[in-house]
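# Results of the structural survey
Letter by letter, the chains look like this.
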Amino acid sequence: MHTSFSRPLYRLFLLAFLLVVSVWPAHAQYGAIDRHARQAPDSLSRDLPGLAAYLSEGAQNETEKARAVYTWMSGYLQYDHQAERKGQRINQNLRDILDRRRGLCMDYALLYQAICRYAGLQCEKVDGYAAPRLAEGRQVPEKADHAWNAVWADGRWHLLDVTWGEVQDESHLTYSTSYFFTPPEVFILTHLPEQPMWQLLPCPVSVEAFAQSHTMLYRQVTQQDTCWSAMDSIAATLSLPPAARRLALARQSYAFNTTSYTKKQWAAALFDQAVAFDEQTEGLPYPDSANTIVRLRQQAIENAETALDLSEPQTWQRELYAQLLLNQAIGRYQLPDGHPLSADAEATVDILETAKAQLLLLPPEGYFRGYALQQCNRLLEQLSGGN
C-alpha cells in the first residue's frame with residue numbers, strides 16, 4: 001500500500017516529531033530532581049541562598065541544578081495576566097516577585113538568574129522576540145517583547161524559557177515541556193534573541209529568516225554551515241566591564257535589528273559608557289595624570305557625540321555632554337606652561353564654544369544651564385584676553 005503526504009504537511013509532521021523526541025526523555029531523566037524540587041519547603045521561598053542550597057542538594061551535576069531551579073519556579077510562579085493587560089510590570093524587585101508569586105517574562109528570567117547564581121551557576125537573562133505561530137510572515141516588533149535564560153552547565157551554554165513552561169494557553173502547551181535545555185535549532189523556531197550570539201547556532205539566523213514558517217526555518221538551520229563561533233562572541237562580551245558590556249550588547253542589537261528603539265538603546269548605552277569613562281578620571285592626580293585624564297574625557301566626549309548623532313538626547317544627556325566638554329576645557333586650561341596641550345588654546349576655545357552651544361539648547365530655567373554658561377563665558381574671556 002502506498003501512502004503519500006503533501007510536502008508542507010510532511011514537514012509539519014516531521015517538526016512535531018522532532019520536538020517530541022527532543023523532550024521525551026526529560027520525564028525519565030529528571031524525575032528524581034523534579035520531585036526533590038517540588039518538595040522544597042515554602043519557607044525557603046524568601047531565602048534565596050537557602051533555596052538554592054536545597055535545590056542543589058539532590059543534583060548530580062550542573063544540568064540537574066539548573067533543572068531543579070526550573071522545576072521549582074514552574075510550580076511556584078504564575079503568569080501575571082493582570083500586569084500584561086495593563087501593559088506594565090507590577091513587580092519592582094525580586095522580593096515583589098516572590099511575595100506576589102506572579103510575574104511577567106522578565107520577572108521569570110530575573111528570578112531564575114538570581115537563584116542560579118546562588119547555586120553557583122553562570123546564568124544570563126536573554127532579551128528577544130517571541131513568535132509561537134507556525135505561519136509565515138511573522139513580524140518582528142520594534143523592540144524585544146520577551147525574555148528567557150541561557151545557563152552554562154556541564155561545559156556549554158544551554159537555552160531555557162521558564163515562562164513558557166508555565167503559561168497555560170494552547171500554543172504554549174504544545175511546547176511547554178520542551179523549553180528546558182531546548183536544542184538551539186529548535187529553540188530558534190520561536191525565540192529570536194536580540195544578540196545573535198545567544199542563538200547558539202553555527203551560523204546566526206537573520207530577522208528576515210525568522211519570519212519564515214517553522215518548517216522552513218528548521219530546514220535552514222539544520223542545513224547551514226558554520227560561519228562563526230557564538231561561544232567566542234559570548235566569552236568576549238561577558239568578559240567586558242559592565243558599562244562596556246551594555247554598550248556591546250546594545251550595538252549588537254542595533255546591528256541585528258535596526259529600529260528606532262534599538263537605536264535609542266544604543267545611544268543610551270553610549271552615554272552610560274561615557275559616564276564610566278568620566279568616573280575613571282576621579283581621584284587621578286593632576287597634572288601628573290593629565291594625559292590619561294584628557295584621553296578618558298575625550299573617549300567620553302566621542303561616545304556622547306556618537307549618541308547625539310543616533311538619537312535626540314534627553315535633558316540629562318545633553319547636560320552630561322556639555323559638562324564633559326567643559327571639564328575637558330578647564331583641565332586643558334589648568335595645565336602648567338610647557339605642557340603640549342596647554343599651548344593649544346585654539347583647540348580649548350573650540351571645546352568651550354561647542355559646550356556653550358549645547359548649553360543654549362537646554363531649558364532656560366535649568367540651574368545647570370545658568371551655572372555652566374557662566375563658567376564657559378568666564379573661561380572664554382580669559383582665553384581671549386590671553387591672546
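Here's what I pulled together on the structure shown here. (Residues numbered from 1 in each chain as written. Predicted model: local features only at pLDDT ≥ 70, side-chain atom pairs only at ≥ 80, totals over all residues. Heavy atoms only, no water.)

### Quick look at the overall build of the protein
As a reminder of what qualifies: Going along the chain from the N terminus, every DSSP run of H or I of four or more residues is numbered as a helix, and every run of E of two or more is numbered as a strand. We call a residue buried when its accessible area falls under 20% of the maximum for its residue type, exposed when it is over 50%, and partly exposed in between, using a 1.4 Å probe and counting protein chains only. Two residues form a contact once any of their heavy atoms are found within 4.5 Å. With residues, only the protein chains shown are counted as cover, and all accessible areas are computed by Shrake-Rupley using a 1.4 Å probe.
For the protein, the helix and strand inventory stands at 19 helices and seven strands. The buried share among the 387 residues of the protein stands at 48%. Long-range pairs, those at least 24 residues apart, make up 63% of the contacts in the protein with a sequence separation of at least 6. Taken as a whole, the protein presents about 19,500 Å² of accessible surface, with 51% of it coming from carbon and sulfur.

### Here's the deal with the pairing of strand E5 (residues 156-160)
Note the cut-off: At least two bridges found by DSSP between two strands is the condition for calling them paired.
Taken across its five residues, E5 has four buried, putting it largely inside the fold. Pairing between strand E4 (residues 146-153) and E5: five bridges, direction antiparallel. Bridge pairing in E5 places Ala-153 opposite Arg-156. Hairpin connection from E4 to E5: two residues lie between these consecutive antiparallel strands, with Asp-154 at a positive phi of about 50°. Bridge count for E5 against strand E6 (residues 180-182) is two bridges, and the pairing is antiparallel. Residue pairing across strands places Leu-159 opposite Thr-182, the latter belonging to E6.

### Structural notes on the sheet that holds E4
Put simply, the test is: Between the N-to-C directions of two axes lies an angle of 0 to 180 degrees, each axis being a line fitted to C-alpha atoms and, for a helix, fitted only over the stretch in contact.
Pairing is antiparallel in the open sheet, where five strands are placed in the order E6-E5-E4-E3-E7. Edge positions in the sheet fall to E6 and strand E7 (191-193), since each of these pairs with one other strand and no more. Sheet twist, expressed as the average angle between the axes of neighbouring strands with direction ignored, equals 50°. Pairing of strand E3 (residues 122-130) with E7 involves three bridges; the strand directions are antiparallel. Its bridge partner being in E7, Ala-130 is matched across the sheet by His-191.

### Some details on the pattern of salt bridges
The condition is simple: Salt bridge, as applied in this entry: a Lys or Arg side-chain nitrogen positioned within 4 Å of an Asp or Glu carboxyl oxygen.
Here the structure, examined in full by the defined rule, presents nine salt bridges. A salt bridge links Arg-100 to Asp-80; the shortest N-O distance between them is 2.8 Å. Taken together, the residues span a long stretch of sequence, with Arg-100 in helix H7 (residues 94-100) and Asp-80 in the loop between strand E1 (78-79) and helix H6 (81-86) at a distance of 20 residues. The class for Arg-100 is partly exposed, based on a relative accessible area of 27%. Overall, Asp-80 belongs to the buried group, its relative accessible area being 2%. The shortest N-O distance in the salt bridge between Lys-125 and Asp-127 comes to 2.8 Å. Residue Lys-125 is classed as partly exposed on the basis of its relative accessible area, which comes to 24%. In this structure Asp-127 comes out as partly exposed when scored by relative accessible area, which is 24%.

### Considerations on the pairing of E3
Two strands pair when backbone bridges link them, and E3 and E4 are joined in this way by seven bridges, in the antiparallel orientation. In the strand pairing of E4, Gln-122 is matched with Trp-152.

### Let's talk about the packing of helix H3 (residues 31-38) against helix H4 (residues 48-57)
Which entries qualify depends on this criterion: With respect to orientation, any angle under 35 degrees is reported as roughly parallel, any angle over 145 as roughly antiparallel, any angle of 65 to 115 as roughly perpendicular, and every other angle as oblique. Should the near helix be turned anticlockwise from the far one by less than a right angle, the crossing is left-handed, and should it be turned clockwise, the crossing is right-handed. All amino acids are sorted into three groups, where Ala, Val, Leu, Ile, Met, Phe, Trp, Tyr, Cys and Pro are nonpolar, Asp, Glu, Lys and Arg are charged, and the leftover types, Gly among them, are polar.
Interhelical geometry of H3 versus H4 gives an angle of 150° and a closest axis separation of 9 Å. The orientation of H3 relative to H4 falls into the category roughly antiparallel. In terms of crossing hand, the pair formed by H3 and H4 is right-handed. Of H4, the residues touching H3 (which contributes Ile-33, His-36 and Ala-37) are Tyr-54, Leu-55 and Glu-57. Within the contact of H3 with H4, the residues separate by chemical class into four nonpolar, one polar and one charged.

### Let's talk about H4
For H4, a buried count of seven out of 10 residues is recorded, marking the element as mostly surrounded by other parts of the structure. Among the residues making up H4, those that are buried are Leu-48, Gly-50, Leu-51, Ala-52, Tyr-54, Leu-55 and Ser-56.

### Focus on the state of the cysteines
Using the following cut-off: For this text, the term disulfide refers to a pair of cysteine sulfurs within 2.5 Å.
Under the counting rule described, the total for this entry stands at one disulfide. The structure places no disulfide on Cys-123, whose sulfur is separated from the nearest cysteine sulfur, that of Cys-116, by 4.3 Å.

### With respect to the packing of aromatic side chains
Definition in use: Classification of ring pairs rests on two measures: the distance between centres of Phe, Tyr or Trp rings, Trp counted by its six-membered ring, which must be within 6.5 Å, and the angle between planes, read as stacked under 30 degrees, edge-to-face over 60 and tilted in between.
Scanning the model with the defined rule gives 12 aromatic pairs in all. Judged by centre distance (5.9 Å) and plane angle (65°), the ring pair of Trp-148 and Phe-187 falls under edge-to-face. Within this pair, whereas Trp-148 is found in strand E4, its partner Phe-187 is found in helix H10 (residues 184-187), the two being separated by 39 residues in sequence. For Phe-187, a relative accessible area of 2% translates into the label buried. With a centroid separation of 5.7 Å and an interplanar angle of 75°, the aromatic rings of Trp-152 and Trp-157 are classed as edge-to-face.

### Overview of the nonpolar core
For the record, the criterion: To define a nonpolar core, start from buried Ala, Val, Leu, Ile, Met, Phe, Trp, Tyr and Cys residues and group those joined through side-chain atoms within 4.5 Å.
Counting 52 residues, the largest nonpolar core has Leu-55, Trp-72, Met-73, Leu-111, Tyr-112 and Ile-115 as the members making the most contacts within it. Here the element with the most residues in this core is helix H5 (residues 62-76); it accounts for seven residues. Beyond its immediate stretch of four places on either side in the chain, Trp-72 contacts Ala-37, Ala-40, Ser-45, Leu-51, Leu-55, Leu-98, Leu-111 and Ile-115. Counting residues in hydrophobic clusters, the runner-up holds 35 residues, among them Tyr-254, Phe-277, Leu-320 and Tyr-321.

From the geometry alone we can't say anything about function, so treat these as descriptive.
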